[in-house]
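Below, each chain spelled out in residue letters.
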Amino acid sequence: MGDVLAGFHAAWEFESDSVLIRYERGIRTPKLFQALGERRVPLTAIEAVTLTPGKRGTVVLRAEPRPGADPLMEAADGQLKEGSDPYRLVLPAERATLAEYYADELRALLTESGPAERHLVPAPEAPRQFKAYDAKASFDGRTVAFRWFWTGASSAKWKAGDQSFPVGGLAGVEWRSPEVFEGHLRLLLRDPAEQQAAQADQDPAAVVFGLGYGPVHESLPFAAAVLAAVRAGGTAAAAALTVPAPRRDPADIAERIRHLGELHRAGLLTDEEFSVKKAELLAEF
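Presented here is an overview of the structure given in this document. Since the structure is predicted, the reported quantities are computational estimates derived from the model, not experimental observations.

### Remarks on the pairing of strand S9 (residues 135-139)
Sheet faces and side chains relate simply in a regular strand, where the side chains alternate between the two faces. Where burial is concerned, the two faces of S9 differ: the one with Ala-135, Ala-137 and Phe-139 is buried and the one with Lys-136 and Ser-138 is not. Pairing analysis gives four bridges linking strand S8 (residues 128-131) to S9, with the strands arranged antiparallel. Looking across to S9, one finds that Lys-131 is bridged to Lys-136. Once S8 ends, the chain turns through three residues before running back antiparallel as S9. In terms of strand pairing, S9 meets strand S10 (residues 143-148) through five bridges, oriented antiparallel.

Laid out in structure tokens, this is it:
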């Protein structure tokens, strides 16, 4: 169609095989939209289009993505607030007739429905990183790394040490919104022999969120990028195993050894655990 329909916080450009959604930047625009920037959604990823009355004299045009077609929505798992739904376009009520026209035009182009066999909408690109309450999480497209904060990480995580997870060793991602109670990002390990703690704050394959830590606009795109890499397969992940890990800052290592000593003196680490972890950190100098 080649037409553009502009609403509050976003504009949809209708193309022959996709809808290009461009999100505005501004104080009132949801931060998730600003983080996404723009998204090209193939028509094969959409199974329905709805137009419903909105709040305070508005109408809402929404594209219904097919289950499994969008890694962002798969990771969100229904937890996004209505105002942060990237598939909603809110317009003034006086534009309802125009919105209905575009909804009908779009419906006529849809040919697919039901679960998608693979992701059809591009995931947020790596590298990505964000600060959780207990760690800094980073993802370079091949490996997820958690670097614990001594002020927030549990003793179980300190005992395990900083973590690195090649994509090829992951089966999926579990994201729980930081806007609800006990939000977290957990990596689901492919090896069934790996027993993961039920509580995210005790699981070295998870980071937990807190007030100001792991906000939706940072942690959800991160989760979607990891999930898309997992679904795409482990070819790129295998290459990560040959990439040497960056050397640590000596001051950071010294601080971590000091904190291990505090845990040891508090009785949270045995003599053997303290010696092993200290040797691992010294080896990184």
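That shown, we press on.
### Thoughts on the packing of aromatic side chains
In this description, an aromatic ring pair is defined by two values, namely the gap between the centres and the angle between the planes. Enumeration over the complete set of coordinates arrives at ten aromatic pairs. Note on Tyr-133 and Tyr-213: the rings are 5.9 Å apart at their centroids and 85° apart in plane angle, and the pair reads as edge-to-face. Taken as a pair, Tyr-133 in the loop between S8 and S9 and Tyr-213 in the loop between strand S14 (206-208) and helix H5 (216-232) lie far apart in primary sequence, 80 residues in all. The class of Tyr-133 is partly exposed, set by a relative accessible area of 40%. Looking at Tyr-213, the relative accessible area reads 34%, which means it is partly exposed. Every member of this aromatic cluster is reached through a ring pair, and the members are Trp-12, Phe-14, Tyr-101 and Tyr-102.

### Quick look at unusual backbone geometry
Going from Ala-126 to Pro-127, the amide bond is cis rather than trans, its omega being 5°. Relative to the elements of secondary structure, Pro-127 occurs in the loop between helix H3 (96-109) and S8. At His-9, a position not held by glycine, the phi torsion is positive, near 75°. In this structure, His-9 sits in the loop between strand S1 (4-6) and strand S2 (10-14). What makes His-9 partly exposed here is its relative accessible area of 25%. Of note, Arg-56 is a non-glycine position whose phi angle comes to about 50°, a positive value. Within the fold, Arg-56 resides in the loop between strand S5 (46-53) and strand S6 (58-65). With relative accessibility at 79%, the residue Arg-56 sits in the exposed group.

### Details of the nonpolar core
Val-144, Leu-185, Leu-187, Val-207, Leu-220 and Val-226 are the most contacted members of the largest nonpolar core, which has 66 residues in total. The element that contributes the greatest number of residues to this core is H5, accounting for ten residues. Filtering out sequence-adjacent residues up to four positions away, Val-144 remains in contact with Ser-138, Phe-139, Gln-163, Ser-164, Phe-165, Leu-170, Leu-187, Phe-222 and Val-226.

### Quick look at the sheet that holds strand S11 (residues 163-166)
Strand order across the open sheet formed by four strands is S8-S9-S10-S11, with antiparallel pairing between neighbours. Of all strands in the sheet, those bounded by a partner on one side alone are S8 and S11. The average undirected angle you get between the axes of adjacent strands in this sheet is 10°. Taken strand by strand, H5 contacts S8, S9 and S10, and its axis lies near 140° from that of S8.

### Observations concerning the environment of Arg-22
Within the secondary structure, Arg-22 sits in strand S3 (residues 18-23). The exposure class assigned to Arg-22 is partly exposed, which follows from its relative accessible area of 39%. For the pair Arg-22 and Arg-39, spaced 17 residues apart in sequence, the C-alpha to C-alpha distance is 6.6 Å. Contacts of Arg-22, omitting those with residues within four sequence positions, involve His-9, Ala-10, Ala-11, Glu-13, Gly-37 and Glu-38. Separated by 2.8 Å, the side chains of Arg-22 and Glu-13 make a polar contact. Among the polar contacts made by the side chain of Arg-22, one reaches the side chain of Glu-38 at a distance of 3.4 Å.

### Considering the sheet that holds S2
The sheet built from four strands is open, its strands ordered S1-S2-S3-S4 with antiparallel pairing. Each edge of the open sheet carries a strand with a single partner, namely S1 and strand S4 (38-42). Mean inter-strand twist for the sheet, computed between neighbouring axes without regard to direction, equals 15°. In this sheet, S3 lies alongside S2 in antiparallel orientation, the contact comprising five bridges. Directly across from Ala-10, in S3, lies its bridge partner Tyr-23. Against the sheet, H3 makes contact with S1, S2 and S3, and its axis sits at roughly 135° relative to S1, the strand it touches most.

Definitions and limits used
Residues numbered from 1 in each chain as written. Predicted model: local features only at pLDDT ≥ 70, side-chain atom pairs only at ≥ 80, totals over all residues. Heavy atoms only, no water. Buried < 20%, exposed > 50% of the residue type's maximum accessible area, 1.4 Å probe, protein only. Helix = DSSP H or I, 4+ residues; strand = E, 2+ residues; numbered from the N terminus. Pairing = 2+ DSSP bridges. Phe/Tyr/Trp six-rings, centres within 6.5 Å; stacked < 30°, edge-to-face > 60°. Core = buried A, V, L, I, M, F, W, Y, C linked by side-chain atoms within 4.5 Å. Contact = heavy atoms within 4.5 Å. Axes fitted to C-alpha atoms, helices over the stretch in contact; angles between N-to-C directions. Polar contact = N/O pair within 3.5 Å; in protein donor to acceptor, adjacent residues only side chain to side chain.

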